[in-house]
Amino acid sequence: AMLPDESATVSFETLAERLTIDSDQGKEWLDDLLEMLQDKKQMILQGPPGTGKTFIAQALAEHLATPDRVELVQFHPGTAYEDFVQGLRPDPENPQAFHLSDGPLVRLANRAREDGPDMLYVLIIDEINRANLPAVFGELYFLLEYRGQEVTMTYGSRFSLPENVLIIGTMNTADRSITAVDAALRRRFYVVDVRPEQSPLDEILPAWLAANAPDLGWLTDLLIRANDLIGDPDRAIGPSHFMQRDMTEEKAKRAWEFSVRPTLRELFYGQPERMEDLEFDRLKAVVTKTETDADAD
């Protein structure tokens, strides 16, 4: 496997630290992730919102490649093959004429090919499932599986995807309206679950709070209780809502009120009693056992 250039990139220890991963189990998870990425060359991190998928993807990229060899694109329903791979664009000099313009994927691949096989390049595709993937990827479906082989592209040029380009996608599991990623694409990616209740995410928030807001340790229990009440791992609430700079209880409550509850209100539409149990003060009372009436419920 190609190894990151330790002198120029973020070390494994710094990577673990940045993700507040401290346990052996967490570091093992991280190590596996890096190994799988090197092995398959493309990976999707999937999970509910607020689990820091994009943050993890960027941290992995910083460990593997220098910042100038990392590219981030965000997909959306309007993303087309022409935006991502290659397309005809009006010529600014001569608006009647069109010229062939390379998208981020072809630009990165060409640089990686010129730079030689030992230099890793990372393409992060945020919200990969928000676009119509078969349409956006086109003949790349073939190239993801057969690196280094040449195919003829839509606009006639020959192209191959070099071995030293790694692709990390992130995918939100809570948004059911998004097209499911088809089996053909899933087969070409390792798909890794990033879930609040599993390692290493379950240790990230307590470690972060211990370092940054030690008197708010109970927020970890509040989140666990809320996710138990929600009862759907795909819609669990991630820890990043509580990982803000200068965290206070007031900020935590505001994040809950205006970030978390609107989503839950949609999830439990017409079930006001479920929403009552998920009020910040009530959750806090249950986990800190301050109010006797909360105990009596």
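You'll find the structure just up there.
Residues numbered from 1 in each chain as written. Predicted model: local features only at pLDDT ≥ 70, side-chain atom pairs only at ≥ 80, totals over all residues. Heavy atoms only, no water.

## Thoughts on the overall build of the chain
What counts, and what does not: Secondary structure elements are taken from DSSP: a helix is a run of H or I of four residues or more, a strand is a run of E of two residues or more, and numbering for both begins at the N terminus. The cut-offs for exposure are 20% and 50% of the maximum accessible area for each residue type, with area from a 1.4 Å probe on protein chains only; residues under the lower value are buried, those over the upper are exposed, and the others partly exposed. Any two residues having at least one pair of non-hydrogen atoms within 4.5 Å are treated as being in contact. Accessible surface is estimated by sampling points in the Shrake-Rupley manner with a 1.4 Å probe; for residues, cover comes only from the protein chains shown. Counted as positive: Lys and Arg. Counted as negative: Asp and Glu. His and the chain ends are not counted at all. To locate a charge, take NZ of a lysine, CZ of an arginine, CG of an aspartate or CD of a glutamate.
Per the secondary structure count, the chain includes 14 helices and 9 strands. Along the three orthogonal principal directions, the C-alpha set of the chain runs to about 75 × 45 × 35 Å. Within the chain, the proportion of its 297 residues that are buried is 46%. Looking at the chain alone, contacts between residues at least 24 apart form 68% of all its contacts between residues at least 6 apart. Approximately 14700 Å² of the chain is accessible, and the part contributed by carbon and sulfur atoms is 49%. Taken together, the 30 basic and 53 acidic charged side chains of the chain have centroids lying 4 Å from each other.

## A closer look at the environment of phenylalanine 12
If you trace the backbone, phenylalanine 12 turns up in helix H1 (residues 12-18). It is 9.1 Å that separates the C-alpha atoms of phenylalanine 12 and leucine 60, two residues lying 48 residues apart in sequence.

## Concerning the pattern of salt bridges
Just so we agree on the cut-off: Put simply, a salt bridge is a Lys or Arg side-chain nitrogen that is within 4 Å of an Asp or Glu carboxyl oxygen.
Considering all chains together, one arrives at 16 salt bridges under this definition. Here glutamate 249 and lysine 284 are joined by a salt bridge, their closest N and O atoms 3.0 Å apart. Highlighted residues: glutamate 249 in helix H11 (residues 249-267) and lysine 284 in helix H13 (residues 280-288), separated in sequence by 35 residues. We classify glutamate 249 as partly exposed; its relative accessible area is 31%. Here the salt bridges share partners, and the residues they tie into one network are Glu145, Arg187 and Arg188.

## Some points on the packing of aromatic side chains
For the record, the criterion: Centres within 6.5 Å make a pair out of two Phe, Tyr or Trp rings, where for Trp the six-membered ring is used; the pair is then stacked when the planes are under 30 degrees apart, edge-to-face when over 60, and tilted otherwise. Criterion for a charge above a ring: Arg CZ or Lys NZ at most 6 Å from the ring centre, at most 35 degrees from the ring normal.
Following the criterion strictly, the structure yields 8 aromatic pairs and no others. A centroid spacing of 6.4 Å and a plane angle of 70° characterise the contact between phenylalanine 75 and phenylalanine 137, whose relative ring orientation is edge-to-face. Residue phenylalanine 75 is found in the loop between strand E2 (70-74) and helix H4 (81-84), and its partner phenylalanine 137 is found in helix H6 (residues 133-137); the two are separated by 62 residues along the sequence. With respect to class, phenylalanine 75 is no different from phenylalanine 137; both count as buried. Ring plane angle 20° and centroid distance 6.1 Å describe the contact between phenylalanine 242 and tryptophan 256, whose orientation is recorded as stacked. Placement of the pair is phenylalanine 242 in the loop between helix H10 (218-230) and H11 and tryptophan 256 in helix H11, with a sequence separation of 14 residues. An identical accessibility class is assigned to phenylalanine 242 and tryptophan 256; each is buried. Pairwise contacts between aromatic rings join Phe75, Phe84, Phe137 and Tyr141 into one cluster. Positioned above the aromatic ring of tyrosine 190, the side-chain terminus of lysine 40 is 5.1 Å from the ring centre. For the cation-ring pair, arginine 69 lies above tyrosine 121, with the distance from its terminal atom to the ring centre recorded as 5.7 Å.

## Observations concerning the sheet that holds strand E9 (residues 190-193)
The test is simple: Strand pairing follows a simple DSSP-based rule, namely that at least 2 bridges must link the two strands. Think of each axis as a best-fit line through the C-alpha atoms, taken over the contacting stretch in the case of a helix, with angles from 0 to 180 degrees between the N-to-C directions.
With respect to topology, 5 strands assemble into an open sheet ordered E2-E5-E8-E1-E9, the strand pairing being parallel. The sheet is open, and its two borders are formed by E2 and E9, each paired with just one other strand. Neighbour-to-neighbour, the strand axes of the sheet open up by a mean angle of 20°, direction not taken into account. Pairing of strand E1 (residues 42-47) with strand E8 (residues 165-172) involves 6 bridges; the strand directions are parallel. What sits directly across from leucine 45, in E8, is threonine 170. Along the sheet face, helix H5 (residues 104-115) touches E2, strand E5 (121-126) and E8 and points at about 165° away from the line of E5.

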